[in-house]
Amino acid sequence: CIIMSNEGKIPCECGETMYGYYSNAGTVFMCYTCGKFNCEGFSKRVKKSLEREPTLILQLIEDGNLKPLSDITGI
């Protein structure tokens, strides 16, 4: 279970902040400092693809397929 701040952020193990993003399929939390990420709700195939090529997460954000959790009303 991930305990999230009201801005869609969680602390990273490196001491910095992981920022949350969502899509219809699931959520991703990413640390821009150390590169660590956690994803939940995606298929095993998608998770493996993201683990092999983490830069796909950045591309999904840039393309608008992953949206910031902070955009959701009430977060």
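Look up: the structure comes first, before these words.
Note that this is a predicted model, so its numbers are computed, not measured.

(A) Spotlight on the pairing of strand β2 (residues 17-22). As paired elements, strand β1 (residues 9-11) and β2 share three bridges and run antiparallel to each other. Bridge pairing links Pro11 to Thr17 in β2. Pairing of β2 with strand β3 (residues 27-31) involves five bridges; the strand directions are antiparallel. Opposite Met18, over in β3, you have Cys31 as the bridge partner. The turn linking β2 back onto β3 is made up of four residues. Both β2 and strand β5 (residues 67-68) contribute to a ladder of two bridges, which runs antiparallel. Considered in β5, the bridge of Tyr21 is made with Pro68.

(B) Up close: the pattern of salt bridges. Summed over all chains, the structure comprises one salt bridge. Among the ionic pairs, Lys36 bridges to Glu13, the shortest N-O distance being 3.9 Å. Here Lys36, found in the loop between β3 and β4 (37-40), pairs with Glu13, found in the loop between β1 and β2; they are 23 residues apart in sequence, far enough to count as distant. Taking relative accessible area as the criterion, Lys36 reaches 29% and is therefore assigned partly exposed.

Conventions and cut-offs
Residues numbered from 1 in each chain as written. Predicted model: local features only at pLDDT ≥ 70, side-chain atom pairs only at ≥ 80, totals over all residues. Heavy atoms only, no water. Pairing = 2+ DSSP bridges. Helix = DSSP H or I, 4+ residues; strand = E, 2+ residues; numbered from the N terminus. Salt bridge = Lys/Arg side-chain N within 4 Å of Asp/Glu carboxyl O. Buried < 20%, exposed > 50% of the residue type's maximum accessible area, 1.4 Å probe, protein only.

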